[in-house]
Amino acid sequence: MVQYSAALDTSFAALADATRRGVLEQLGRADASITDLAERFDMTLTGMKKHVGILEQAGLVTTEKIGRVRTCRLDARALEKEAAWIEKHRQLWAARFDDLDKLVEELKQKEKADGRRKRT
Amino acid sequence: MKRNTTVERKSERELVVMRLFNAPARIVFKAWTTPELLMRWWAPKSFGVTFVSCQADYRTGGTYRFEMGHPASEQPMAFFGKFLEVTPPSRLVWTNEEGGENGSVTTVTFEDRGDETLVVMSDLYPSKEALDAAIASGSTSGFDESFKQLDEFLATPDAGR
């Protein structure tokens, strides 16, 4: 569990930075080289390499060097895992609220019945 | 008809859950702030959680303590804190002290929308790191879902990578 949490911490830390989120968005549209990304985000090659490195460590991005060009692409599986956490949380609250819904309906009917009784 | 429940990470520190109920705020608020009624919905059966005890003093400054059991845990899990604000039938604010200094403050608003009520529940964490950690550990679920999730994770081929 510690390992799993640590992995998620790394990815959330990676996602905390606006440039890195931008890089992910960009890679969501198309694969890109480090040079492309550095130009697009108006950054030095070294700076962009660092950002991509962090995304790579977090398992959000994979890179492959072909010749002199390092191409970056999204590792979609990692993003799916994070979305899964939010989805689990949603499922819990949906289950709670569906039960609350039934209870609220019951209370509403009871109030109506009591109201009728008082009037008659 | 079942209504949708939405969850959104509104900001670095805030997680928001929303849902519409087909009843006036007064009734939804009552179901939320009466311990006997709360026990009927807070621990959904489909999640295998049951109440061991449920104490709550729904007044500003009052405290609460929920103890819940789960088959994956020998000890009941305790959730406790203080009500910072209780304003019937529109607003509830409480602390989540089991989370220590990283615990969130939960604000629930009950907003009348004609015959319906919009419930907006916001968990505000002291820092971005605290929310990150809560999401990572699964503790925002209100009880420990991480066992189940760990099992699922370990069952995937790339576990431990």
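Residues numbered from 1 in each chain as written. Chains lettered and ligands numbered in written order. Predicted model: local features only at pLDDT ≥ 70, side-chain atom pairs only at ≥ 80, totals over all residues.

## Re the overall build of chain B
Check the secondary structure of chain B and you find four helices and eight strands. In chain B, the succession of helices and strands from N to C terminus is β-β-α-α-β-β-β-β-β-β-α-α. Restricting the contact set of chain B to residue pairs at least 6 apart, pairs at least 24 apart contribute 37%. (Helix = DSSP H or I, 4+ residues; strand = E, 2+ residues; numbered from the N terminus. Contact = placed C-beta atoms within 7 Å.)

## Observations concerning the sheet that holds strand β6 (residues 91-95) of chain B
Residues and elements named next belong to chain B. Read across the open sheet, the eight strands follow the order β1-β2-β8-β7-β6-β5-β4-β3; overall the sheet is antiparallel. Two strands lie at the open edges of the sheet, namely β1 (5-11) and β3 (50-56), each paired on one side alone. Taking the axes of each pair of neighbouring strands and ignoring which way they run, one obtains an average angle of 20 degrees across the sheet. Bridging between β3 and strand β4 (residues 63-70) involves six bridges; their strand directions are antiparallel. Opposite Q55, over in β4, you have R65 as the bridge partner. Running over the sheet, helix α1 (residues 25-33) touches β2 (14-21), β6, β7 (105-113) and β8 (116-124) and is turned about 150 degrees from β7. (Pairing = 2+ DSSP bridges. Axes fitted to C-alpha atoms, helices over the stretch in contact; angles between N-to-C directions.)

## Regarding the environment of B:L15
All names here are of chain B. Here L15 is to be found in strand β2. Judged by the 22 C-beta atoms lying within 10 Å of it, L15 falls in the buried class. With 116 residues separating them in the primary sequence, L15 and L131 have C-alpha atoms 8.1 Å apart. (Buried ≥ 20, exposed ≤ 12 C-beta atoms within 10 Å, placed from the backbone.)

## Details of the pairing of β4(B)
In the case of a regular strand, side chains alternate between the two sheet surfaces. Residues and elements named next belong to chain B. Count of turn residues in the β3/β4 antiparallel hairpin: six residues, of which G61 carries a positive phi of about 90 degrees. Pairing geometry for β4 and strand β5 (residues 73-87), over seven bridges, is antiparallel. Following the sheet pairing, H70 is matched in β5 by S73. Between β4 and the antiparallel strand that follows it, β5, lie two residues.

## Quick notes on the sheet that holds strand β1 (residues 32-33) of chain A
Residues and elements named next belong to chain A. In spatial order, the strands read β1-β3-β2; together these three strands make up an open sheet with antiparallel pairing. Sheet topology places β1 and β2 (61-66) at the edges, where each strand pairs with a single neighbour. Where β1 and strand β3 (residues 69-74) come together, two bridges link them in antiparallel fashion. Its bridge partner lying in β3, S33 is registered against T71.

## Let's talk about the nonpolar core
Soluble globular proteins tend to bury their nonpolar side chains together. Of all hydrophobic cores here, the largest spans 30 residues; its most connected members are A:W93, A:V104, B:V28, B:A31 and B:W32. Taken together, the elements giving at least two residues each to this core come down to α5 (76-119) of chain A together with β2, α1, β4, β6 and α3 (128-137) of chain B. With residues up to four places along the chain from it excluded, the contact list for A:W93 reads B:T5, B:V7 and B:V17. With 14 residues, the next largest nonpolar core counts A:V23, A:M48, A:I54 and A:C72 among its residues. (Core = buried A, V, L, I, M, F, W, Y, C linked by C-beta atoms within 7 Å.)

## Quick word on unusual backbone geometry
Residue B:P89 is reached from B:P88 by a cis peptide bond, and omega for that bond is -5 degrees. Here B:P89 shows up in the loop between β5 and β6.

## Here's the deal with the confidence of the model for chain A
Confidence in the prediction for chain A averages 83 pLDDT; 82% of positions are at 70 or higher. The weakest mean pLDDT in chain A belongs to helix α1 (residues 2-15) of chain A at 58; the strongest belongs to helix α3 (residues 34-40) of chain A at 95. (pLDDT = per-residue confidence, 0-100.)

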